[in-house]
Amino acid sequence: MKLSLDPTPYMKDLILIGGGHAHVHVLKMWGMQPVPGVQLTLITRDLNTPYSGMLPGHIAGHYTREDCHIDLTRLAHFAGARLVHTEACGLDPVQRTVSCKDGRPPLPYDVLSLDIGSSPSAGVVGGHEVGITPVKPIDGLSGRWDDLLERARAWPVG
C-alpha cells in the first residue's frame, strides 16, 4: 500500500468484490484522486485480470496471455487500496459485512460494489454436448483457447 501523508482517519469502507473492468477503472481513478476518509478494499480471487478488448488479438496470435492481463496487485498498490486475495462467499446486508472463503472475520462495508463477471451455461444444448468454446467466464478463456488449439493440432490431416 502507498504510504499516505494524509492525517484524515478512515471513516467509511468501500469494498470492491471482483477485478472486472469497472473496478479496474475505479482503482486507477482512485490512485489519481483518492477520496479522503474512505478505505478502499479490493477482494479478488485472481491477481491478474484479463482485458477483454485484447483477447481477440490474443486469439489471433498478436498478444501473449501476459500482454492481455492487468496486474491487480500493482494496481491496488497504486490506488492505496487493501488487497484481499480470496473469494467472497457471502454478504450480510443487515450487518453490512462480506464473508470470505479463507475464513477471515467478515469485512465491514459502508458501500459495496460487485464486478465478478458472468458464467453462462454452455456446452450442452437440448441435453446434447456441443462442440463450442465459450468466451465467458472470461478469466478462463486463455486456457480454453490453449486446449482448443491442442485438440486442433491432434486432428488427423487429410
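Right, let's walk through the structure included here. Treat the numbers as computed from the prediction; the structure is a model and nothing was measured. (Residues numbered from 1 in each chain as written. Predicted model: local features only at pLDDT ≥ 70, side-chain atom pairs only at ≥ 80, totals over all residues. Heavy atoms only, no water.)

Some remarks on the packing of helix H1 (residues 21-32) against helix H3 (residues 72-79)
So, step 1. The N-to-C vectors of H1 and H3 enclose an angle of 35°; their axes lie 7 Å apart at closest approach. Crossing geometry of H1 relative to H3 is assigned as left-handed. Listed contacts from H3 to Val24, Leu27, Lys28, Trp30, Gly31 and Met32 of H1 are Leu72, Leu75, Ala76, Phe78 and Ala79.
So, step 2. For the contact of H1 with H3, the residue count by class is nine nonpolar, one polar and one charged. (Axes fitted to C-alpha atoms, helices over the stretch in contact; angles between N-to-C directions. Helix = DSSP H or I, 4+ residues; strand = E, 2+ residues; numbered from the N terminus. Left-handed = near helix turned anticlockwise from the far one by under 90°. Contact = heavy atoms within 4.5 Å. Nonpolar A, V, L, I, M, F, W, Y, C, P; charged D, E, K, R; others polar.)

Here's the deal with a nonpolar patch on the surface
So, step 1. On the surface, Met29, Met32 and Phe78 cluster together into a nonpolar patch covering about 290 Å² of accessible area.
So, step 2. Residue placement: Met29 occurs in helix H1.
So, step 3. Judged by relative accessible area, Met29 falls into the partly exposed class, the value being 38%. (Patch = residues over 30% accessible without salt bridge, like charges linked within 9 Å, V, L, I, M, F, W, Y side chains within 5 Å. Areas by Shrake-Rupley, 256 points an atom, 1.4 Å probe, with all protein chains shown as cover. Salt bridge = Lys/Arg side-chain N within 4 Å of Asp/Glu carboxyl O. Buried < 20%, exposed > 50% of the residue type's maximum accessible area, 1.4 Å probe, protein only.)

Comments concerning the layout of surface pockets
So, step 1. The calculated volume of the largest pocket comes to roughly 720 Å³.
So, step 2. In this structure, the largest pocket is lined by 33 residues; those nearest its centre are Gly18, Arg45, Asp115, Ile116 and Gly117.
So, step 3. Mapped by element, the contributors of at least two residues to the lining of the largest pocket are H1, strand E2 (38-44), strand E3 (48-50) and strand E6 (88-92).
So, step 4. In the lining of the largest pocket, the residues fall into 14 nonpolar, 13 polar and six charged. (1 Å grid on protein atoms, 1.4 Å probe; cavity = no way out; pocket = protein on both sides within 12 Å on 5 of 7 lines; lining within 4 Å. Points joined across faces, edges and corners; volume = space filled by probe spheres on them.)

Observations regarding the nonpolar core
So, step 1. Residues Leu14, Leu16, Leu27, Trp30, Leu40, Ala79 and Ala81 are the most contacted members of the largest nonpolar core, which totals 13 residues.
So, step 2. The set of elements that each furnish at least two residues to this core consists of strand E1 (12-17), H1, E2 and H3.
So, step 3. At four residues, H3 tops the list of elements feeding residues into this core.
So, step 4. Once you skip the residues sitting within four places of it in the chain, Leu14 turns out to touch Trp30, Val38, Gln39, Leu40, Thr41 and Val111. (Core = buried A, V, L, I, M, F, W, Y, C linked by side-chain atoms within 4.5 Å.)

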